[in-house]
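# Structure assessment
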Amino acid sequence: MMNRNYNFAFLDEGSKREIRRAALKAVAIPGYQVSFGSRELPIGRGWGTGGIQLTLSLIGPEDVLKVIDQGSDESVNAVNIKKFIGLCTDVETTTKTSEATVIQTRHRIPEVPLTNRQILIFQVPIPEPLRIVEAREEVTKKMHAEKDYAPIWLQLYESLVKYNKVTIASEYPCMVSGRYMMNPSPIPKFDNPKLHRAECLYLFGAGREKKIYAIPPYTEVISLAFDDIPFEKENFKGKKCRLCGSENTYLDEMFDQHGDRFYQCSDTSYCQEVRDYVSG
């Protein structure tokens, strides 16, 4: 049962309205970082407060919530966030991606394609894609305004010259609607193609940095790449999940007690559903 000592979804109604207004502006300008007044929560900043504030501001009594961390429904981060939101909303929770209407995630996009009745909310530590080349906020804002992304392109070029490949494994920058460069949060670049023309709404919340940005449904999202050197995601050719046998999902490299290497689906819900289907 919901703890009646809390307002529904913990935050006061004024705070939720302000966050929803910021989210609407973010939807209206895909990829643009909208500033908002980040609220205090009973967890430390940097532990997903931006994503939690979006979830608390958007969730309603009829919603079904799913929370994942690195693809897992059972990690400490996912379990505690789910417990907190359940305490102050009493909404139904699920581990099945297809059943959820609101999904909060850290570092992964589910393997099951999302629909237009679902919202995927990302926990974002650093929203600014230009931070690795420019530390000053006033300068990065000017670079976005002028669409001056040459330093990022130079970094990609230097990586190709030095290593013969782009070595960025996560937070791979992308262009949204051909206008704003965006940090897709620390998802592996394996997940980047899922952002392009997706049916669902993607919302990104950075509590510590006090920024919200969005990718509306059916929006063009292109990962940075040179014309003669296309974008490449992680390749798991020749590898498969030891539990469900999947060969086309993002796999975590793991080791057993004897030191032998094996691979397992990062998305635990997808892995379980495949096994349930196979077993009948």
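From a predicted model like this one, the values you see are computed outputs, not experimental measurements.

Attention now moves to the overall build of the protein chain. A count of helical and extended segments in the protein chain gives six helices and twelve strands. Scaling as 2.2 N^0.38, a compact globule of 280 residues should have a C-alpha radius of gyration of about 19 Å, and the protein chain matches this with 19 Å. Projected onto its principal axes, the C-alpha coordinates of the protein chain cover approximately 60 × 50 × 35 Å. The buried share of the protein chain, taken over its 280 residues, is 49%. Considering only contacts in the protein chain between residues 6 or more positions apart, those separated by 24 or more positions represent 59%. Accessible area of the protein chain: about 14,100 Å², with a carbon and sulfur share of 51%. Here the protein chain contributes 36 positive and 37 negative side-chain charges, whose respective centroids are spaced 3 Å apart.

Now for the domain arrangement of the protein chain. When its domains are assigned, the protein chain resolves into domain 1 (13-132 + 157-223) and domain 2 (235-280). Placing the centre of domain 1 and that of domain 2 at their C-alpha centroids yields a distance of 25 Å. Domain 1 puts 14 residues into the contact, and the matching count from domain 2 is ten residues. Both sides of the domain 1 and domain 2 interface together cover about 950 Å² of buried area, and 53% of this is carbon and sulfur. In terms of surface lost to domain 2, no three residues of domain 1 exceed Arg-108, Glu-111 and Phe-190, which account for 44% of the buried area on that side.

Moving on to the layout of surface pockets. Picture a little ball the size of a water molecule; that probe, rolled over the atoms, points out where space is still empty. Size it by volume and the largest pocket reaches roughly 310 Å³. Counted by class, the lining of the largest pocket contains twelve nonpolar, three polar and five charged residues.

As a further point, take the pattern of salt bridges. Throughout the structure, instances matching the rule amount to twelve salt bridges. In the salt-bridge network here, residues are joined through shared partners; they are Arg-108, Glu-111, Asp-191 and Lys-194.

Before going further, it helps to examine the nonpolar core. With 27 residues, the main nonpolar core has Leu-54, Leu-56, Leu-65, Ile-85, Leu-203 and Ile-212 as its most contacted residues. Broken down by secondary-structure element, the contributors of at least two residues to this core are α1 (13-28), α2 (49-58), β2 (64-69), α3 (76-89), β8 (201-206) and β9 (211-215). Not counting chain neighbours up to four residues away, the residues in contact with Leu-54 comprise Ile-19, Ala-23, Ile-121, Leu-203, Phe-204, Gly-205 and Ile-212. The next biggest cluster of nonpolar side chains, apart from the first, holds 20 residues, and it includes Ile-103, Leu-114, Leu-195 and Tyr-213.

In this section: the packing of aromatic side chains. All told, the structure shown has ten aromatic pairs when counted by the stated rule. Each residue in the set Phe-122, Tyr-202, Phe-204 and Tyr-213 is aromatic and connected to the rest through ring pairs, giving one cluster. Over the aromatic face of Phe-190 sits the side chain of Lys-233, whose NZ or CZ is 4.5 Å from the ring centroid.

Taken in spatial order, the seven strands of this open sheet run β1-β9-β8-β5-β4-β2-β3, and their pairing is mixed. What marks the edges here is a single partner per strand, and that holds for β1 (34-35) and β3 (92-93). With four bridges connecting them, strand β4 (residues 102-106) and strand β5 (residues 119-123) associate as parallel partners. By the bridge assignment, Thr-105 is partnered in β5 with Phe-122. Sheet strands in contact with α3 are β2, β3, β4 and β5, and its direction is about 155° off that of β2.

The next subject is the pairing of β9. Counting buried positions along β9 yields five of five residues, so the element is predominantly enclosed. Burial of the side chains of β9 extends over both faces: Lys-211, Tyr-213 and Ile-215 are buried on one face and Ile-212 and Ala-214 on the other. By the bridge criterion, two bridges tie β1 to β9 in an arrangement that is antiparallel. Within β9, the residue paired with Ser-35 across the bridge is Lys-211. Of the pairings in the sheet, the one linking β8 to β9 comprises five bridges and is antiparallel in character. Within the sheet, the bridge partner assigned to Gly-205 lies in β9 and is Ile-212. Linking β8 back to β9 in an antiparallel pair, the connection comprises four residues, with Lys-210 at a positive phi of about 60°.

The rules behind each value
- The residue numbers shown here count from 1 along each chain, following its written sequence.
- Where totals are concerned, whole chains, interfaces and linings use all residues; where local detail is concerned, this predicted model gives features only for residues with pLDDT of at least 70, and gives and counts side-chain atom pairs only at 80 or more.
- Computation of side-chain values covers all heavy atoms of the structure but excludes hydrogens and water.
- Helix and strand definitions follow DSSP, with helices as H or I runs of at least four residues and strands as E runs of at least two, each counted in order from the N terminus.
- What the globule rule says is 2.2 Å times the number of residues to the power 0.38, and the radius of gyration is computed from C-alpha atoms.
- Partly exposed residues are those whose accessible area sits between 20% and 50% of the maximum for their type, while under 20% is buried and over 50% is exposed, using a 1.4 Å probe and protein chains only.
- By definition, residues are in contact when any of their heavy atoms lie within 4.5 Å.
- The accessible surface values rely on the Shrake-Rupley method and a 1.4 Å probe; as for residues, cover is taken only from the protein chains in view.
- All tallies of charge rest on Lys and Arg as positive and Asp and Glu as negative; His and the ends of each chain are not included.
- Here the site of a charge means atom NZ of a Lys, CZ of an Arg, CG of an Asp or CD of a Glu.
- An automatic or database domain assignment is the source of the domain bounds shown.
- Accessible area, probed at 1.4 Å, shrinks when two parts are joined; the buried area is that loss added up over both.
- Any residue with an atom within 4 Å of a point lines the site, the site being either a cavity, points on a 1 Å grid over the protein atoms alone where a 1.4 Å probe fits but cannot get out, or a pocket, an open set with protein on both sides within 12 Å along at least 5 of 7 lines.
- Grid points are joined across faces, edges and corners, and a volume is the space filled by probe spheres set on the points.
- All residues other than Ala, Val, Leu, Ile, Met, Phe, Trp, Tyr, Cys, Pro, Asp, Glu, Lys and Arg, Gly among them, are scored as polar; the first ten of these are nonpolar and the last four charged.
- The term salt bridge refers to a pairing of a side-chain nitrogen on Lys or Arg with a carboxyl oxygen on Asp or Glu at a separation within 4 Å.
- Buried Ala, Val, Leu, Ile, Met, Phe, Trp, Tyr and Cys residues form a nonpolar core when they are joined through side-chain atoms within 4.5 Å.
- Pairs were defined over the aromatic rings of Phe, Tyr and Trp, the Trp ring being its six-membered one, requiring ring centres within 6.5 Å. Orientation was assigned from the angle between planes: stacked under 30 degrees, edge-to-face over 60, tilted for the rest.
- Criterion for a charge above a ring: Lys NZ or Arg CZ within 6 Å of the ring centre, and within 35 degrees of the ring normal.
- The pairing criterion for strands is at least two bridges between them, as found by DSSP.
- Between N-to-C directions, angles cover 0 to 180 degrees, with each direction set by a line fitted to C-alpha atoms, over the stretch in contact for helices.

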